[in-house]
Amino acid sequence: MFLQKTIRKRTEVKGIGLHSGKTCTLTFAPAPPNTGVHFVRTDLPGKPSLKVYAAQVSATGYATTLGGPVFSVATVEHCMSALSALRIDNLFIELDGPEIPICDGSAEAFLKSLHLVGMIEQDQPRKYCYITQPIYFEEGDKQAYVVPYHGLRVSVTIDFPHPAIGRQKLDLDINDQSFTREVSRARTFGFLKDVEALKARGLALGGSLENAIVLDDDKVVNPDGLRFPDEFVRHKTLDALGDLVTLGMPLMGHVVLFKAGHDIMNKLIRKILDSKDCFKHIELGADISEEALVRSRLGE
Ligand SMILES: [Zn+2]
């Protein structure tokens, strides 16, 4: 049987906030079974917390923002992407301010911090969102859908009219090993003209070539170039895995995205939650052969 997981002990990631440019600290802390993933603002009176689920998503422009009545946290997807891949069910993510450290613009620092302390199984079975029928969402030329699959698989296609990006595709069975190797180091990216406009408005003050791939009109500006020739689609896969945490339970299914960003991903997740006839809540364990298949796909 698959049991719920949390981490063994507290672990920290320090860095600067993308918008403020100020130092901030994120701490991952163990949480009891059936807690889910919560953000906690330790700098505010009463340490208010916010459970991660799709209805909490309040903005999806450049990044995913979770907003509650008391506070909001921005750019949550990079620190959450590792949770989908490592299948961490219960976790407190403590923040000493409104921003999450941007680090190098990828998920590597968060993943390393989680690997450093390791995970433990808890005494409650994990409940999956097991897709039984396709669920489809479309808006203009953007598409997002999920189909039945014994495991977690993500296929992402991006198409940017920019000479350094163009059309890129990635299709991956997601587990700790594949995420670590193929996805976790892929950095966020932005266009020089947008960065300048943001800085003029007092935003992205912490943004630099240290934490993003920056493109001018025809090429990548970073002197060291790219970490993968198709780093852009790898980062979009990272973002999608982060957004998947807002489903509130681990997905068993194949997610297919075409030109879909945070906004479309949020709409797909809301549609999944509304499509009660198309998924079941299951605990693995009754069917040994199925469990073995899933275990190998998830790398557990
Ligand atoms: Zn991102």
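What counts, and where the lines are drawn
Residues numbered from 1 in each chain as written. Predicted model: local features only at pLDDT ≥ 70, side-chain atom pairs only at ≥ 80, totals over all residues. Heavy atoms only, no water. Pairing = 2+ DSSP bridges. Helix = DSSP H or I, 4+ residues; strand = E, 2+ residues; numbered from the N terminus. Axes fitted to C-alpha atoms, helices over the stretch in contact; angles between N-to-C directions. Phe/Tyr/Trp six-rings, centres within 6.5 Å; stacked < 30°, edge-to-face > 60°. Buried < 20%, exposed > 50% of the residue type's maximum accessible area, 1.4 Å probe, protein only. Donors = N, O, S within 2.8 Å, 3.2 Å for Na, K, Ca; no water. Patch = residues over 30% accessible without salt bridge, like charges linked within 9 Å, V, L, I, M, F, W, Y side chains within 5 Å. Areas by Shrake-Rupley, 256 points an atom, 1.4 Å probe, with all protein chains shown as cover. Salt bridge = Lys/Arg side-chain N within 4 Å of Asp/Glu carboxyl O. Contact = heavy atoms within 4.5 Å.

Enquirer: Can you explain the sheet that holds strand 3 (residues 23-30)? Please cite residues and give values.
Expert: Taken together, the five strands give an open sheet; going across it, the order is 2-3-9-4-5, and neighbouring strands pair in mixed fashion. Unpaired on one side and paired on the other, strand 2 (11-16) and strand 5 (49-51) mark the two borders of the sheet. The sheet shows a mean angle of 20° between the axes of neighbouring strands, direction not considered. Note: strand 4 (residues 37-41) against strand 5, three bridges, orientation antiparallel. Considered in strand 5, the bridge of Val40 is made with Ser49.

Enquirer: Describe the packing of aromatic side chains, and please don't skip the residues or the numbers.
Expert: Here a ring pair, both rings aromatic, is described through the centre-centre distance and the interplanar angle of the planes. Counted under the stated rule, the structure contains six aromatic pairs. With 5.6 Å between their ring centres and 75° between their planes, Phe160 and Phe189 make a pair best called edge-to-face. Here the residue Phe160 occupies a position in strand 14 (residues 152-160), and Phe189 occupies one in strand 16 (residues 189-191), the gap between them amounting to 29 residues. Assessed through its relative accessible area of 15%, Phe189 is described here as buried.

Enquirer: Tell me about the coordination of the zinc ion, residues and numbers included.
Expert: Distances from the zinc ion to its protein donors, His78 (NE2), His235 (NE2), Asp239 (OD) and Asp239 (OD), fall at 2.1 to 2.7 Å. Binding-site remark: the zinc ion is held by donors from one chain whose sequence spacing is H-x156-H-x3-D. One end of the pair, His78, is in helix 1 (residues 77-86); the other, His235, is in helix 5 (residues 231-244), with 157 residues separating them in the sequence. For His78, a relative accessible area of 5% gives the class buried.

Enquirer: So what's going on with a nonpolar patch on the surface? Residues and values would help.
Expert: Together, Leu192, Leu209 and Val221 make up a nonpolar patch on the protein surface, roughly 190 Å² of accessible area in all. On the secondary structure map, Val221 appears in the loop between strand 17 (213-215) and helix 5.

Enquirer: Please give an account of the environment of Ile165 that cites residues and values.
Expert: In this structure, Ile165 sits in the loop between strand 14 and strand 15 (166-173). Judged by relative accessible area, which is 7%, Ile165 ranks as buried. Separated by 67 residues in the primary sequence, Ile165 and Phe232 place their C-alpha atoms 7.2 Å from one another. Contacts of Ile165, omitting those with residues within four sequence positions, involve Ile158, Phe160, Phe189, Phe191, Leu215 and Phe232.

Enquirer: Tell me about the pattern of salt bridges, residues and numbers included.
Expert: Within this structure, the stated rule accounts for 18 salt bridges. Across the pair Glu231 and Arg187 runs a salt bridge, and its minimum N-O distance is 2.8 Å. With Glu231 in helix 5 and Arg187 in the loop between helix 3 (176-183) and strand 16, the pair connects residues that are 44 residues apart, well separated along the chain. Judged by its relative accessible area of 0%, Glu231 is buried. A salt bridge links Asp216 to Lys219, with the shortest nitrogen-to-oxygen separation between them at 2.7 Å.

Function-wise, these values are silent; they only describe arrangement.
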